[in-house]
Amino acid sequence: MIMEKTMDKKLNEIMNDNPILKQVAEGTEVFWTNPKIEQFDSVKDSLPIGMEDIKDAEARLQRFAPLIMKLFPETQKRNGIIESDLIEIPNMWDSLVRDSISGAPDHQTERTERIEQDASGSDFGRLFLKMDSDLDVAGSVKARGGIYEVLKHTEELAIENGLPSGEFPREFFSKYKIQVGSTGNLGMSIGIMSAALGYQAIVHMSCDAKQWKKDYLREHGVTVIEYEGDYGEAVAQGRAESDADPMSYFVDDENSKDLFMGYAVAALRLKGQLEEKGIVVDEDHPLIVYIPCGVGGAPGGIAFGLKEVYGDNAYVYFVEPTEAPCMLVGLATGLHNEVSVQDIGLSGQTHADGLAVSRPSGFVGEIMEQLLSGEMTVVDSKLYDYLRMLRNTEGIFIEPSSCAGFQGPVALMNAAGKCRANAEKDSCLPDVMNDTTRIKEKLPGATHIVWATGGRLVPQDVREEFYNTYLR
Ligand SMILES: *Cc1c(COP(=O)(O)O)cnc(C)c1O
């Protein structure tokens, strides 16, 4: 850790050199393109992980598929593989392109201006939704990383203790604990899976966690410990308690390579789904993916996997709330987990409970540094606007955190639209030769994917409450 005084000075210098960080610090929505992105081939070999690690994770998930099927019968439809659909959402696309987001007057002006200029038949490509919001067992993207890590730990314990291959007796695992710190969804994933295998599962929940998630976990035999502090505190406390107990294993969202690899498998699966749909990804047909980001593990793992599979033809953007853009701050300052959103004067508080993280994972930030195309930030009020728009146009419900992804295509198209029209040079995409500049000519052939990260388990009454929430 850098000493506090030195840190302040360093941060001040960085902020002064970087106008976009000033906007971030004011809580303004931004679209940041990553100046450090490199061609994937030139970065690949310097990364601490590679395609073999993804394949290893995929093989492990295959080995556990029979057990998953037994524990969670709803997974039988995919033979014990926890996976989600990729669906096209043309009505939402129409709505995003044509309409403005209700209640956001500035935004409306911007959109109208662009759409008019593009009315001559300009084409932005197609929009899809990756439905991780519907994933079995945990109802969120955390079903990927969380379940994978619990399974990997289980396999290791079984081997160390000489259990017969393929047998996982509950009474054996009931001697062990698995603990995790969470804003909600990771706790759901780790808690449900661990309890189903027989472990004593303990979830340390930050103040952002929703009541229904705590209730759901307790109903499933999970011990929930509640904190008044934020995610960072819940993790620190959980880690300390677990470390003090030799029978306990801590799932460390801030540093876990296993979680990361579980998420990365998504890319192999997506490749199969795109091929099935006959969707081509190549130099003229970019794959542009927008993923809501909290501490970084889920979007980072997916992004890494996509770069491994598609290289420079995959463009990945993270989306964060304006009050908790920890990954953006970590990347743009280069300080990663040594800087928090509070250090630049933001609250860290947001309605996007899954994204309410103040300090990014350093492990993920360093991997993303040369892979990520950029980031968008979004104000909380729009999360509910997107939520309504998606339900009204496509009949699909996803949770507010998950709706952040829609800011991705909106911000990118707005920027691209202005560039094409060349109306305002200043607000045009940066002229640096980064990959976002390359995309703008290729939009007609583009496949956009908004990654829906959570929603299936949200109770009906809470869904209605979200649908009727208007923030100003
Ligand atoms: C956890 C979560 C994310 C982001 O994942 P991180 O690993 O925290 O970056 C996004 N959306 C939802 C709904 C989540 O629960």
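The following paragraphs examine the structure supplied in this document. Keep in mind it's a predicted model, so treat the numbers as computed, not measured.

**Points about the overall build of the protein**
The number of helices and strands found in the protein is 20 helices and eleven strands. Evaluated residue by residue, the protein yields a buried proportion of 63% over its 472 residues. In the protein, the proportion of contacts linking residues at least 24 apart, taken out of those at least 6 apart, comes to 76%. For the protein, the exposed surface amounts to about 18,400 Å²; the carbon and sulfur share of it is 47%.

**Considering unusual backbone geometry**
In this structure, Asn 79 takes a positive phi of about 55 degrees despite not being glycine. Structurally, Asn 79 can be placed in the loop between helix H4 (51-71) and strand S2 (86-88). Its relative accessible area of 54% is what places Asn 79 among the exposed residues. The backbone of His 336 shows a phi angle near 45 degrees, a positive value even though the residue is not glycine. Within the secondary structure, His 336 is located in the loop between helix H14 (326-333) and helix H15 (362-368). Accessibility expressed as a relative area gives 6% for His 336, which makes it buried.

**Some thoughts on the sheet that holds strand S4 (residues 177-182)**
Here four strands make up an open sheet; going across it, the order is S6-S5-S4-S7 and the pairing parallel. Each of the sheet's edge strands pairs with one partner strand only, and the pair in question is strand S6 (223-226) and strand S7 (248-251). Averaged over all adjacent pairs, the angle separating strand axes in this sheet is 20 degrees, with direction ignored. Where S4 meets S7, four bridges bridge the pair, whose relative direction is parallel. Bridge assignment links Gln 179 to a residue of S7, and that residue is Phe 250.

**Structural notes on the sheet that holds S2**
Ordered by their spatial adjacency, seven strands build an open sheet running S1-S10-S9-S8-S11-S3-S2, and the pairing between neighbours is mixed. At either end of the open sheet lies a strand with only one pairing partner, and these are strand S1 (31-33) and S2. The mean inter-strand angle of the sheet, taken between neighbouring strand axes irrespective of direction, is 25 degrees.

**Some thoughts on helix H13 (residues 297-310)**
Because an α-helix completes one turn every 3.6 residues, residues spaced three or four positions apart along the sequence face the same direction. Taking 1.5 Å of rise per residue, the 14 residues of H13 would be expected to cover 20 Å, and the 20 Å separating its terminal C-alpha atoms lies within 8% of that figure. The element H13 is extensively covered by neighbouring structure, given that 14 of its 14 residues are classed as buried. Among the residues trailing H13, Gly 311 stands out with phi positive, at a value near 55 degrees.

Cut-off values and rules
Residues numbered from 1 in each chain as written. Predicted model: local features only at pLDDT ≥ 70, side-chain atom pairs only at ≥ 80, totals over all residues. Heavy atoms only, no water. Helix = DSSP H or I, 4+ residues; strand = E, 2+ residues; numbered from the N terminus. Buried < 20%, exposed > 50% of the residue type's maximum accessible area, 1.4 Å probe, protein only. Contact = heavy atoms within 4.5 Å. Areas by Shrake-Rupley, 256 points an atom, 1.4 Å probe, with all protein chains shown as cover. Pairing = 2+ DSSP bridges. Axes fitted to C-alpha atoms, helices over the stretch in contact; angles between N-to-C directions. Expected span 1.5 Å × (residues − 1).

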